[in-house]
Amino acid sequence: MTDTGSVARVLERLRVQLPEAALVTDRTRLRTYECDGLLHYRVIPALVVLAGSAEHVRTTVAACADEGVPFVARGSGTGLSGGALPHADGVLIVTSQLRDIREVAPQDQRAVVDPGVINLAVSQATRPHGYYFAPDPSSQQICSIGGNVAENSGGAHCLKYGFTSNHVLSVDLVTPQGDSVTLGTRAPDAPGYDLLGTVVGSEGTLGVATSVTVRLVRSPESVQTLLAGFHSTDDAGAATSAIIGSGIVPAAIEMMDALAIEAAEAAVSCNYPDGAGAVLIVELDGAAEEVEHEFAEVERLCRESHAFEHRVAADDDERAAIWRGRKSAFAAVGRISPDYIVQDGVIPRTALPEVLREMTRLADERGIRVANVFHAGDGNLHPLVLFDESVPGQGDQAEDLSGAILDLCLAHGGSITGEHGVGSDKAKHMPKMFTAADLDTMQLVRCAFDPAGISNPGKIYPTPRLCGERPGKHQGEHPLQAAGVAEVF
Ligand SMILES: Cc1cc2nc3c(=O)[nH]c(=O)nc-3n(C[C@H](O)[C@H](O)[C@H](O)COP(=O)(O)OP(=O)(O)OC[C@H]3O[C@@H](n4cnc5c(N)ncnc54)[C@H](O)[C@@H]3O)c2cc1C
């Protein structure tokens, strides 16, 4: 536990080392940073640092390390698992001003970017050279590369191209002790431990990324996009399995169910097939001849799975029109429900029809609606659990259903998160997926980077709630646990 005196000492030190404009202490301005995209957890940080350079980040972390003050990195704050939730007695280090694309080297298929660079900006800068950055979260117009690295973010096109971890060559990291290190290499292989792999997806618990070298992908010669309407999610799921089973690897296969379509129509009039119980968006890219051949096969497989309508985008505008409904779906749900939880879990693709059916049953039991919009090709589900906070008890029921959906994913051999991270939100679910020894081993890595436990504490791991305890090697049952007085989860 830190005291306010420690934060005051950090502030005093930073006042000498950083420009005054980089320090936010006014309570009203601090509230701007009290949450990320997961709105129901809110904590006002003690101090916000708007880093203007990598050196500002290092100076801030070094001051925190000396005073034992927790710090949390924040990119654009679009995370959906409370990963960038501030610490009340800590410093929030905001990287959104670090937006320089420092190097574009098409011949080496790489770019070097600041952590606050917006995901889409990397592709915009590299497309004229014939390359782009493949991971494309639906939030790509606003989320940062630092946040993508920390969350190992995915997106519609990760089915073929892989997640962020497949597209990062090296990261400059300020460790929780305030050292600057480079992890990874531009060479094809790096000897020793894969520390870069450890840091990608570590949700800001191992330090703050200050520079990222990303891999670029060659823009494809040809892209074809299909929108297919089905009467049910069962049929759309069958088409997904048939396409993947045929050996074709589409760039994307995305599914939306009737409720998600209704929301998207209300928000952006996307004009999806009338009366559809589900739609699939299937995109193929690559060499023109190959795409043409495989596209005909995809159309055939959709028809065989009872698609009652399909539309092929004739040009980029029509392609954008097809994607508009899908890309706006999360936000669009606000049109049909005052409140909603965006859940994120992953299952083996073949279990899709069964899991969707079971999810509907669980939702009906509780009288709660669930809209589904997800990366069907990856089996990565995003059920949107709709509720109305003003109806007594409905928020709790939605939370309960949300947890039951994760249990369902685990029961089918899946995971409690596909791409949005564990953050503050899902730490309590980790023991359902990992044994105590599994979690202890992960904690050993964390403790090696961050022995004082100051880098984004309270995230990912189900830390003991008992005063004075630190996450670390499992020490057996606490006496208060044994007495049934307190619980560790
Ligand atoms: C509408 C919408 C759609 C979305 N769609 C997708 C999707 O399709 N796929 C997907 O994967 N996600 C999606 N997300 C989730 C979110 O956009 C991603 O997780 C994104 O990577 C977060 O980036 P950010 O810059 O906003 O990070 P933040 O929310 O600011 O932070 C996220 C985590 O990263 C850490 N962090 C941030 N910067 C750094 C840094 N420089 N060094 C170390 N740690 C850092 C934070 O501490 C925190 O733990 C969506 C979110 C929204 C709101």
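Residues numbered from 1 in each chain as written. Predicted model: local features only at pLDDT ≥ 70, side-chain atom pairs only at ≥ 80, totals over all residues. Heavy atoms only, no water.

We count it as follows: UniProt positions are given in the numbering used here, feature names are shortened, and annotations may be inferred rather than shown by experiment.
The protein chain is annotated in an unreviewed UniProt entry as Glycolate oxidase subunit GlcD from Luteipulveratus mongoliensis. UniProt, in the comment section headed Cofactor (unreviewed entry), describes the protein chain in these words: "FAD".

### A few points about the packing of helix α8 (residues 233–245) against helix α10 (residues 288–304)
Filter applied, for reference: An axis is simply a line fitted to the C-alpha atoms; with a helix, the fit covers only the stretch in contact. Between two such axes, the angle follows the N-to-C directions and lies from 0 to 180 degrees. Helix numbering and strand numbering both begin at the N terminus, where a helix is a DSSP run of H or I of at least 4 residues and a strand a DSSP run of E of at least 2. For any pair of crossing helices, the crossing counts as left-handed if the nearer helix is rotated counterclockwise from the farther one by less than a right angle, and right-handed if it is rotated clockwise. Two residues qualify as a contact provided that any one of their heavy atoms is within 4.5 Å of a heavy atom in the partner residue.
It is at 9 Å that the axes of α8 and α10 come closest, and there the two elements cross at 145°. By crossing handedness, the relation of α8 to α10 is classed as right-handed. Of the residues in α10, those in contact with Ala239, Ala242 and Ile243 of α8 are Val298, Leu301 and Cys302.

### Considerations on the nonpolar core
To keep it simple, the criterion reads: Nine residue types can take part in a nonpolar core, namely buried Ala, Val, Leu, Ile, Met, Phe, Trp, Tyr and Cys, and a core is a set of them joined through side-chain atoms within 4.5 Å. Relative accessibility decides the category of a residue: with a 1.4 Å probe and only protein chains considered, values under 20% of the type maximum give buried, values over 50% give exposed, and everything between is partly exposed. Domain boundaries shown here were taken from an automatic or database domain assignment.
In this structure, Cys302 and Leu381 are the most contacted members of the largest nonpolar core, which totals 43 residues. Two domains each donate at least three residues to this core, and these are domain 3 (220–336) and domain 4 (337–421). If you look at the next biggest cluster of nonpolar residues, it comprises 27 residues, including Ala252, Leu259, Ala276 and Ile281.

### Some remarks on the sheet that holds strand β20 (residues 383–387)
Within a sheet, neighbouring strands are paired by backbone hydrogen bonds and run either parallel or antiparallel to one another. Keep this limit in mind: Note on pairing: two strands pair once DSSP finds at least 2 bridges between them.
If you walk across this open sheet you meet the seven strands as β15-β12-β14-β13-β18-β20-β16, and the pairing is antiparallel. The open sheet has two edge strands with one neighbour each: β15 (309–312) and β16 (339–342). In this sheet, adjacent strand axes meet at a mean angle of 20° when their direction is disregarded. Where strand β13 (residues 252–257) and strand β18 (residues 369–374) come together, two bridges link them in antiparallel fashion. Paired with methionine 256 across the bridge in β18 is valine 373. Against the sheet, α10 contacts β12 (222–230), β14 (278–286) and β15, and its axis sits at roughly 5° relative to β12.

### With respect to the site of the ligand
Quick note on the threshold: Any residue with a heavy atom lying within 4 Å of a molecule or strand is counted as near it. Counted as a polar contact is a pair of N or O atoms within 3.5 Å, where, for protein atoms, one must be capable of donating a hydrogen and the other of accepting one, and residues adjacent in sequence contribute only when both atoms are in side chains. Calculation of accessible area relied on Shrake-Rupley with a 1.4 Å probe; when residues are assessed, cover is drawn exclusively from the protein chains displayed. Note that Gly is not counted as nonpolar here; it falls among the polar residues with everything else outside the nonpolar set of Ala, Val, Leu, Ile, Met, Phe, Trp, Tyr, Cys and Pro and the charged set of Asp, Glu, Lys and Arg.
As a matter of local geometry, the ligand sits amid 34 residues, with Ala73, Thr78, Ser139, Ser144 and Ser153 nearest to it. One of the side-chain nitrogen or oxygen atoms of glutamate 419 is found 3.1 Å away from a nitrogen atom of the ligand. When the free accessible area of the ligand is taken as 970 Å², the share hidden by the protein chains comes to 94%. Of all the secondary-structure elements, those providing two or more residues to the shell around the ligand are β3 (71–74), α5 (145–151) and β10 (208–215). Taken together, the residues that form the shell around the ligand break down as 10 nonpolar, 20 polar and four charged.

### Some words on the sheet that holds strand β4 (residues 91–94)
Read across the open sheet, the four strands follow the order β1-β2-β4-β3; overall the sheet is mixed. Each edge of the open sheet carries a strand with a single partner, namely β1 (23–24) and β3. With four bridges joining them, strand β2 (residues 47–50) and β4 adopt parallel strand pairing. What sits directly across from valine 49, in β4, is isoleucine 93. The strands that helix α3 (residues 54–67) touches are β2, β3 and β4; relative to β4, the one it contacts most, it runs at about 165°.

### Digging into α8
Using the following cut-off: A helix is expected to span 1.5 Å for every residue after the first.
In this model, α8 (13 residues) spans 18 Å end to end at C-alpha, consistent with the 18 Å of a helix rising 1.5 Å per residue. By the burial criterion, the buried members of α8 are Asp235, Ala236, Gly237, Ala239, Thr240, Ile243 and Ile244. Looking at the buried side of α8, the elements it contacts are α6 (158–161), β12, β13, β14 and α10. Within two residues after α8, glycine 247 carries a phi angle of roughly 95°, on the positive side.

### Quick notes on the pairing of β18
The buried fraction of β18 is high, at five of six residues. Taken together, the four bridges between β18 and β20 define a ladder with antiparallel strand orientation. Looking at the pairing, arginine 369 lines up with leucine 386 of β20.

### Focus on helix α14 (residues 394–411)
The terminal C-alpha atoms of α14, which comprises 18 residues, lie 25 Å apart, in line with the 26 Å expected from a rise of 1.5 Å per residue. Where α14 is concerned, the buried positions are Gln394, Gly395, Ala398, Leu401, Ser402, Gly403, Ala404, Ile405, Leu406, Leu408, Cys409 and Leu410.

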